[in-house]
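So the chains spell out like this:
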Amino acid sequence: MQITSEEFFKARREFIKLGAMASLAAINAKASELGLSGDDAFFTVLKSKAENETGRAITDFDDATSYVNFYEFSTNKAIAAKKANALDISGWSVEVGGLCERPMRLNYDDLLKFKLQKRIYRFRCVEAWSMVVPWVGFELARLLELVRPASEAKYVKFTTLYDPQKFPDQASSFGAIPYPYVEGLRLDEAMHPLTLLAVGMYDKPLLGANGAPVRLVVPWKYGFKSIKSISKIELIDKQPPTTWQTLAPDEYGFYANVNPDVAHPRWSQAKERMLGSFSRVNTLLFNGYDEVAPLYAGMDLRAFY
Ligand SMILES: Nc1nc2c(c(=O)[nH]1)N[C@H]1C(S)=C(S)[C@@H](COP(=O)(O)O)O[C@H]1N2
Ligand SMILES: [Mo]
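Presented here is an overview of the structure given in this document. Small disclaimer: the values here were computed from a predicted structure and weren't measured.

Quick look at the overall build of the protein now. Looking only at helices and strands, one finds eight helices and 12 strands in the protein. Buried residues in the protein amount to 53% of all 305 residues. A sequence separation of at least 24 residues applies to 70% of the contacts in the protein between residues at least 6 apart. Put simply, the protein shows about 13800 Å² of open surface, and 53% of that area lies on carbon and sulfur atoms.

Around ligand 1 there are 18 residues in total, and Tyr 71, Glu 72, Thr 160, Asn 210 and Lys 228 lie nearest to it. Note that a nitrogen atom of ligand 1 is positioned 3.2 Å from one of the backbone N or O atoms of Asn 69. Contact distances for ligand 1 include 2.6 Å between an oxygen atom and a side-chain N or O atom of Lys 228. A total of 530 Å² of accessible area belongs to ligand 1 in isolation, and the protein chains cover 98% of it. Looking at the shell around ligand 1, its residues break down into 10 nonpolar, five polar and three charged.

As a further point, take the nonpolar core. Ranked by internal contacts, the top residues of the largest apolar core, which has 82 residues, are Trp 135 and Leu 143. Of the residues forming this core, the biggest block, six residues, is contributed by strand E4 (residues 129-139). Not counting residues up to four positions away in its chain, the partners in contact with Trp 135 are Gln 117, Lys 118, Arg 119, Tyr 121, Phe 123, Leu 196, Ala 198, Gly 200, Met 201, Leu 206, Arg 215 and Val 217.

A separate point is helix H4 (residues 77-84). Listing the buried residues of H4 in full gives Lys 77, Ala 80, Ala 81 and Ala 84. One side of H4 carries all its buried residues, which in axial view fall inside an arc of 100°. Contacts made by the buried residues of H4 are with helix H3 (61-66) and E4. For H4, the capping residue at the N-terminal end is Asn 76, with a side-chain oxygen 3.0 Å from the backbone nitrogen of Ala 78.

Pairing of side chains with opposite charge becomes possible as their charged atoms draw close. Within the structure shown, the criterion is met by 15 salt bridges. Taking the shortest distance from any N to any O, the salt bridge between Glu 127 and Lys 77 comes out at 3.1 Å. Placement of Glu 127 in the loop between strand E3 (117-124) and E4 and of Lys 77 in helix H4 is noted, with a sequence separation of 50 residues between them. A relative accessible area of 32% places Glu 127 in the partly exposed class. For Lys 77, a relative accessible area of 15% corresponds to the buried category. With its nearest N and O atoms 2.6 Å apart, the salt bridge here joins Arg 266 to Glu 251. On the criterion of sequence distance, the pair formed by Arg 266 in the loop between helix H8 (243-247) and strand E11 (271-274) and Glu 251 in the loop between H8 and E11 is long-range, its members being 15 residues apart. Overlapping salt bridges bring together Arg 119, Glu 139, Arg 142 and Glu 145 as one network.

Turning to the packing of aromatic side chains, a few remarks are in order. Applying the stated criterion to the full structure yields 17 aromatic pairs. For the pair Phe 61 and Tyr 202, a centre-to-centre distance of 5.3 Å together with 85° between the ring planes defines the contact as edge-to-face. Of this pair, Phe 61 sits in helix H3 while Tyr 202 sits in the loop between strand E7 (196-201) and strand E8 (204-205), and the two are 141 residues apart along the sequence. Judged by relative accessible area, which is 29%, Phe 61 ranks as partly exposed. Residue Tyr 202 is classed as buried on the basis of its relative accessible area, which comes to 13%.

Parameters at a glance
- Once a new chain begins, its residue numbering starts again from 1 and follows that chain's sequence as written.
- Whichever chain is written first is A, and whichever ligand is written first is 1; the rest continue in order.
- Reporting of local features is limited, given that this is a predicted model, to residues whose pLDDT is at least 70; pairs of side-chain atoms are given and counted only at 80 or more, and all residues count toward the totals for whole chains, interfaces and linings.
- Here the side-chain values reflect all heavy atoms present in the structure, with hydrogen atoms and water set aside.
- Under the DSSP-based scheme used, a helix requires at least four consecutive residues in state H or I and a strand at least two consecutive residues in state E, with every element numbered from the N terminus.
- We call a residue buried when its accessible area falls under 20% of the maximum for its residue type, exposed when it is over 50%, and partly exposed in between, using a 1.4 Å probe and counting protein chains only.
- Pairs of residues are marked as contacts when any of their non-hydrogen atoms sit within 4.5 Å.
- Here the open area of atoms and residues is found with the Shrake-Rupley method and a 1.4 Å probe, where only the protein chains shown may cover a residue.
- It suffices for a single heavy atom of a residue to lie within 4 Å of a molecule or strand for the residue to be listed as near it.
- As used in this structure description, the phrase polar contact means that two N or O atoms lie within 3.5 Å; if the pair is within protein, one of them must be able to donate a hydrogen and the other to accept it, and residues adjacent in sequence are counted only when both atoms belong to side chains.
- Residues are sorted three ways: Asp, Glu, Lys and Arg are charged, Ala, Val, Leu, Ile, Met, Phe, Trp, Tyr, Cys and Pro are nonpolar, and all the rest, Gly among them, are polar.
- We define a nonpolar core as any set of buried Ala, Val, Leu, Ile, Met, Phe, Trp, Tyr and Cys residues linked to one another through side-chain atoms lying within 4.5 Å.
- The arc in question is traced by the directions running from the helix axis to the C-beta atoms.
- Whenever a carboxyl oxygen of Asp or Glu lies within 4 Å of a side-chain nitrogen of Lys or Arg, that contact is scored as a salt bridge.
- Here a Phe, Tyr or Trp ring, Trp counted by its six-membered ring, pairs with any other such ring whose centre lies within 6.5 Å, and the pair is stacked when the planes are under 30 degrees apart, edge-to-face when over 60, and tilted otherwise.

Keep in mind that these numbers describe shape and distance, not what the molecule does.
Structure below.
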């Protein structure tokens with residue numbers, strides 16, 4: 001990433017003083033105090049408050065940050081959350097490469113130089129629970145445009161950092177799943193404006209529990225596609241084998257589009273329980289994000305589950 005101004009260096013020092021856990025509000029206040037906006041800002045000032053267009057209430061912060069799936073820490077949701085919140089993200093970087101013209105390595109500060117937006121999305125886990133989360137992030141398309149995918153690039157592969165010292169289950173000889181965790185999208189799915197790289201939620205930087213420092217959010221797909229704590233993003237020409245699909249191909253497909261009509265072999269996907277409530281609501285095709293339907297025109301969604 002190009003550093004654009006002297007102001008930026010000054011601001012960067014100021015922001016570093018605020019610390020990694022400073023709230024977005026504090027960081028934004030600092031940005032405007034320094035007279036920064038747009039691409040020169042270390043943390044772009046959020047525009048107006050995002051509208052909740054999901055038709056559902058935003059999930060309580062405590063539910064969204066404690067009822068989590070993060071197998072690198074534990075298969076028990078509460079234990080995983082507690083352990084993951086101690087994740088040390090200092091020195092983190094994301095390598096972006098493969099079939100592209102301008103491979104690059106981005107550190108945490110670089111990620112915060114993208115124009116950050118608040119997006120309130122539904123989120124549906126394949127286990128049939130769901131939530132509504134105000135994410136903070138930027139469109140993955142912005143990053144892909146920067147690295148300029150080559151014409152042979154057809155898929156994007158994402159990998160969680162492999163570091164058994166940070167992620168205890170990676171060190172276990174009886175790990176819950178094979179590591180590192182890998183996910184993938186078709187390039188057109190990755191370029192879709194709904195697809196986010198999130199660095200925060202509820203106006204705060206991401207907690208370890210939810211995939212600090214940067215995770216994918218693909219709101220029309222089951223939650224397992226939304227890979228956490230990413231360290232590598234690669235443009236590739238073939239569909240990558242992904243973690244859950246490799247582990248149980250009859251149960252988890254590459255596409256994993258939310259679909260009430262295609263049951264998981266062991267349970268129905270017709271309804272979901274919203275965190276914080278005991279009632280079950282109907283699950284919607286593509287989790288209600290109908291605008292993605294053209295991506296799958298002519299495809300049999302039962303065959304490509
Ligand atoms: N690296 C990694 N990413 C992951 C997982 C995981 O165990 N490891 N779990 C997935 C699953 S199954 C879900 S539902 C979501 C959960 O995100 P949340 O805990 O922020 O709700 O993260 C996904 N990303
Ligand atoms: Mo999930």
